[in-house]
Structures are given as C-alpha cells and as structure tokens.
Amino acid sequence: MELWLATGNRSKLIEFKTLLPSFEIHTQSELSVFSPPPENGKTFEENARIKARSLKAVKTGVWVIGEDSGLEVEGLGNLPGIHSARYAGPKAIDPENVAKLLKMLGLKSANNRKAKFQCYMVIYSPDGRESVINGTVEGSISTKPIGTDGFGYDPVFIPDGETKTFAELGLTRKNQISHRAQAIRKLIEIIN
Ligand code: ITT
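Residues numbered from 1 in each chain as written. Predicted model: local features only at pLDDT ≥ 70, side-chain atom pairs only at ≥ 80, totals over all residues. Heavy atoms only, no water.

Caption draft 1: Representation of the site of the ligand. In the region of the ligand, 19 residues are neighbours, and T7, K12, K51, D154 and K174 sit closest. N9 is positioned with one of its side-chain polar atoms (N or O) 2.9 Å from an oxygen atom of the ligand. The contact in question runs from an oxygen atom of the ligand to an N or O atom on the side chain of E39, over 3.0 Å. Elements with a minimum of two residues in the shell around the ligand: strand 3 (63–73) and helix 6 (179–191). Tallied by class, residues from the shell around the ligand come to four nonpolar, eight polar and seven charged. (Near = heavy atom within 4 Å. Polar contact = N/O pair within 3.5 Å; in protein donor to acceptor, adjacent residues only side chain to side chain. Helix = DSSP H or I, 4+ residues; strand = E, 2+ residues; numbered from the N terminus. Nonpolar A, V, L, I, M, F, W, Y, C, P; charged D, E, K, R; others polar.)

Caption draft 2: Seen up close, the environment of L169. Position of L169 among the secondary structure elements: in helix 4 (residues 166–169). Sequence separation between L169 and N134 is 35 residues, and the spatial gap between their C-alpha atoms is 23 Å. Setting aside chain neighbours within four positions, we find L169 in contact with P159, E162 and K164. (Contact = heavy atoms within 4.5 Å.)

Caption draft 3: Structural view of the sheet that holds strand 4 (residues 114–124). Strand order in this open sheet of six strands is 2-1-3-4-5-6, and the pairing throughout is mixed. Of all the strands in the sheet, the pair left with one neighbour each is strand 2 (24–27) and strand 6 (157–159). Each adjacent strand pair in this sheet contributes to an overall mean axis angle of 35 degrees, direction not counted. Judged from the ten bridges that link them, strand 3 and strand 4 form a sheet pairing that is antiparallel. What sits directly across from G66, in strand 4, is V122. Strand contacts of helix 2 (residues 44–56): strand 1 (2–6), strand 3, strand 4 and strand 5 (130–141), with the helix running at about 155 degrees to strand 3, the strand carrying the most contacts. Its contacts with the sheet place helix 6 against strand 1, strand 3, strand 4 and strand 5, and it is angled at close to 160 degrees to strand 5. (Pairing = 2+ DSSP bridges. Axes fitted to C-alpha atoms, helices over the stretch in contact; angles between N-to-C directions.)

Caption draft 4: Structural context of the environment of A48. Counting through the fold element by element, A48 comes out in helix 2. Looking at A48, the relative accessible area reads 0%, which means it is buried. Spatially, the C-alpha atoms of A48 and I190 are 17 Å apart, while their sequence positions differ by 142 residues. In contact with A48, not counting residues within four places along its chain, are G66, E67, D68, Y120, M121 and V122. (Buried < 20%, exposed > 50% of the residue type's maximum accessible area, 1.4 Å probe, protein only.)

Caption draft 5: Structural context of the side chain of R113. Among the structural elements, R113 can be located in the loop between helix 3 (94–108) and strand 4. Among the polar contacts made by the side chain of R113, one reaches the main-chain carbonyl oxygen of I141 at a distance of 2.7 Å. Contacts of R113, omitting those with residues within four sequence positions, involve L102, L105, G139, S140, I141, S142 and T143.

Structural data, given as structure tokens:
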C-alpha cells in the first residue's frame, strides 16, 4: 500500500521505512512542485496537520501523514518542544541544538534532567478522513553526547529503563520503544 509522508527529514523517513516494511513510502521530496509550508502552529498536533494538509492538497486518493515531533525537557519548562528542530537558531544543525540543550540544562536545571520525546501524526485516509495519534517516550538527558546512531537529540536522550542513549542503543532498540515507533503502531491499526 502507498503511504505519503509530509517530511523532509531523512532520518524520520528511515525509521518509517524500517517500521513499515510492507508499505510503499513516498515523501514530498519526490514532488518537484511541492514547497514545505511554514510550521507556524502552536502545538505538535497543529504543525502535524499543517504538514499533512499541504501534502494532501497536491496528493489525493492516497494515505497522507504529517508528523511533528520534539523533545520536552521538564526543567526547561518543556522546551525545546515544538522548537526542537531550530532550538539553537533558524539554520541550526543537530550538534548545535544538542549543545544548547546541555548548556541551558546545566544553567537552569542541572539536577532535574527528566525529558520526553513527543510524536504527533495527522493522518488522512484516501477518502479524506482525518485521524490524530501520538506516541511518547519518557527518559532523561545525559551530561554529554554519547553514541553515533540516530539523529537530533538521540545522543543525549536515555529512555527510562535503559542506561544508554538512543544513539548508543541503535535503531533496532529505538524502534521498539520510541515515541515514533509507538505512533507508527497506532498508524498501522488505523490503516488496517
Ligand atoms: P519535517 O518537519 O520535514 O518532518 P523536521 O526535522 O523539521 O522535519 P520537526 O519539525 O518535527 O521535523 O522537528 C523534529 C525535531 O525534534 C528534530 O529535528 C529533532 O531535533 C527532534 N526529534 C524528533 N524526533 C526525534 C528523535 O527520534 N530523535 C532525536 N531527535 C528527535
């Protein structure tokens, strides 16, 4: 079955493809006419809907999914949250975002390092019906980046019940417990 994913993030795409091996997954990057919309929602759900609707406008009669995700850190008032991709600035790359996170946490909440990853998906069925799902994984922020797998904040996120970061644990373990893996399991139920 054909699934269209409203993302330009290649690491997210790899996770979707690994977790949905029997689906034919496409993204907006294949459409020459497509330009990504501004993500100006106030919540993960609003941003996921903005992404899904913009792709649905040019791709009809197929499953379309918008996904918005991020890291909420308790001691930082749930920042970076919806700003996760651009926490250190509009063109920030992953290591810059991670460095800012560690710096802010050191300044504001060195002892409370609790955090959670959130993933929201807005899904449109081929006949245009909307569903909203989410997945969450709780954990804590390490004192320095460790590990080479994954993307974003994976080198500093230790899921509860583990002693290693997502970047050390690797994709197979991450895909059993992550926020995105949990949401994708709900997505499969909806499609079925
Ligand atoms: P698209 O909007 O094109 O999907 P994006 O990377 O901008 O790509 P988001 O707006 O949803 O995606 O921002 C998600 C950010 O949250 C991402 O760039 C990471 O910094 C962080 N993040 C989300 N899921 C993550 C994960 O599984 N591991 C590490 N960091 C993650």
